[in-house]
Amino acid sequence: MSKLKLLFAGYFLTSLSLFLYSFTQVDLSLTLSRLSIWQEVQKSLQYVGYFQRPTSATLFVLILFFLFLFYILFARLAYLKKITRKQTWALIIVTTLVLMFSYNAFSYDIFNYIFDAKIVTHYNQNPYEHKALDYPGDPMLSFMRWTHRTYPYGPTWILLSIPFSFVGSQIFLLTFFIFKIIAAASFLGSAYVIEKIAKKLSLENTLLPLVFFAFNPLILIESLVSGHHDIVMMFFALLAFYFVLSKRYLLTGIFLLLSIGIKFATGLLLPVFAYIVYLHWKKEKIDTKKVLFFAGGLLTVAVVFASIRTELQPWYLVWVLSFLSLLSYKRWVFIFSTLFSLGVLLHYVPFLYSGNWDPPIPTIKLWITISVIIVSLLLSIISYKLFPKK
Amino acid sequence: MKKYLFLLSSFFLLSILFIFLEPKVSARLFPFVRTSRLNSFLTDTVTSQKINGRTYWEFREFYSPGVFTYNKKGIEETVVKSITQNDVVVDKQDILPFLFFNSPFLRSIDSLTSETTITPFLNPDIKDSLIRTPNLLIRRNNKEIFLLFLLPYTEMEITNGFFDYREKDKLLVKDKNWLNITRIKLN
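Owing to the predicted nature of the structure, the values given are computational and were not obtained by experimental measurement. (Residues numbered from 1 in each chain as written. Chains lettered and ligands numbered in written order. Predicted model: local features only at pLDDT ≥ 70, side-chain atom pairs only at ≥ 80, totals over all residues. Heavy atoms only, no water.)

### As for the environment of A:Ser142
- Looking at where A:Ser142 falls in the secondary structure, it is placed in the loop between helix H5 (109-121) and helix H6 (155-167).
- Taking the C-alpha atoms as reference, A:Ser142 lies 6.2 Å from A:Ser29; in sequence the two are 113 residues apart.
- Setting aside anything within four residues of it in sequence, one finds A:Ser142 in contact with A:Asp27, A:Ser29 and B:Arg166.
- Only 2.8 Å separates the side chain of A:Ser142 from the backbone oxygen of A:Pro139, close enough to count as a polar contact. (Helix = DSSP H or I, 4+ residues; strand = E, 2+ residues; numbered from the N terminus. Contact = heavy atoms within 4.5 Å. Polar contact = N/O pair within 3.5 Å; in protein donor to acceptor, adjacent residues only side chain to side chain.)

Structural data, given as structure tokens:
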């Protein structure tokens, strides 16, 4: 077996491990299937997640280690152009197919998305005014969190999710996987658009941004495992970015509005789009590096703002990483984003170990974040000193 | 040009729908909406002489949208004091403040307590209240409205989704009542 094939097999096994691990976190009040064989499997996996917490936390750290190891290896292969487009896409599609069917191990948000749509399709009421707790008889309440909150997102997401909720026919498992498929399709769509943008910008290496994005463990976990709709928002934003570069302004407007209407964060990108349109109008050349840093900077502001309002959530980084992928050829961008992704994913470890988010876990999370920033800075400096740019 | 007109009209239609269907946006944009919600909440409460937990929870978020800080081991004392320090409430040790709500026009603290009435929390000298029952007090001056109520745990269970009532927090909430202290800034 060639080295590359071995690498692919190792990556597939790691993805499969993450898929299996996700089921250790199935909520104790949730029965995914009444099949007796499945119930036995689910119970033994839950036993690890809930009653063997140190083992569970260790397993997660191991999976993270391998995911990051493969991520760095694939990025290197893409950088050296030792991996083909076909191989890359084959891996991305296989990983998506595996993780699409995983359980949302690290976040309960997908249940809230499902319920928000259910308020419209089943209870025929306004989710902006009603919350899950208003329907105490609903069986979903037994395994949901944040049942006291009304729908907090923009109108696009609820409008998009209503038809899927109808298709789900109030069958929980079916609706759950439909919502996971939406996230998976958005992930694949984003990866595809990133590659298209890289080609449009005539980047020297168009495979690197694709690998940077689609193999990043944070993107995989937050989009494919947890099914956060941030990936849907970013898919529309990337599409809008592609169309604005192509001077197709109507499509730009439509997709940008769709994106902003999901979670508002991409509203901060408006100046970037306005600047590109202005440059087109003035018939001036676009400095892509400047534009991408501008976009990445504004999305970082959005992350900081959202984090101050509540707290830093790992999935917020999906916003920044989507655009930074196009700057992945910058060494410090790669170092920072990789370490930061690792740092925020490590936020889950104290929870997996203890089963709660109570103090001192917020302090531990803060220290992880601070350490990651310091280490990233140091590593960037050391790397430029040891291997100066040619 | 027609294409852009379609885009603009869709945007405006969606925005108008959003403003009307999302109560938090209208509360932020229009002070009269806030006033109307406050008046309606006060009228209902004064008329019925009791408070409904769900109605209060909804009013709090729709009057002035804000941010919750939850800590079941207790909210910082300085934060709690910023709401409880006045001539109405007396210092009381037997409470566990677990939720702080902060918004431009409304700040509140939700706590767990073993007390069964609000009397032990009140300064005995206070007069001039809009309502004063064993479980509810509302006072009003030119600047703000002060609200204090106590409801049974069962009412909290159907209103507040922060706790895991079935498993993790079962012992924490057992035999406890829900105490709320709210300060509402008038427009």
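### Brief notes about helix H4 (residues 85-99) of chain A
- Between its first and last C-alpha, H4(A) extends 21 Å over 15 residues, near the 21 Å set by a 1.5 Å rise per residue.
- Along H4(A), the residues that are buried comprise A:Thr88, A:Trp89, A:Leu91, A:Ile92, A:Thr95, A:Thr96, A:Val98 and A:Leu99. (Expected span 1.5 Å × (residues − 1). Buried < 20%, exposed > 50% of the residue type's maximum accessible area, 1.4 Å probe, protein only.)

### Focus on the side chain of A:Ser186
All names here are of chain A.
- Mapped onto the secondary structure, Ser186 falls in helix H7 (residues 172-200).
- A relative accessible area of 5% places Ser186 in the buried class.
- Within polar-contact distance, the side chain of Ser186 engages the backbone oxygen of Ile182 at 2.9 Å.
- With sequence-adjacent residues up to four places away left out, Ser186 is seen in contact with Ile231, Val232 and Phe235.

### Some details on the sheet that holds strand E7 (residues 177-185) of chain B
Residues and elements named next belong to chain B.
- Taken in spatial order, the seven strands make up an open sheet running E1-E2-E3-E7-E6-E5-E4, and their pairing is antiparallel. Two strands in the sheet have a free side with no partner beyond their single neighbour: strand E1 (67-70) and strand E4 (131-133). Looking at each pair of strands side by side, their axes are set apart by 15° on average, direction ignored.
- When strand E5 (residues 136-140) meets strand E6 (residues 144-152), the two strands line up antiparallel, connected through five bridges. Bridging from a neighbouring strand, Ile138 pairs with Leu147 of E6.
- Docked against the sheet, helix H4 (residues 53-63) engages E1, strand E2 (95-102), strand E3 (106-113), E6 and E7, running at close to 30° with respect to E7. (Pairing = 2+ DSSP bridges. Axes fitted to C-alpha atoms, helices over the stretch in contact; angles between N-to-C directions.)

By themselves, these observations are geometric and do not establish any function.
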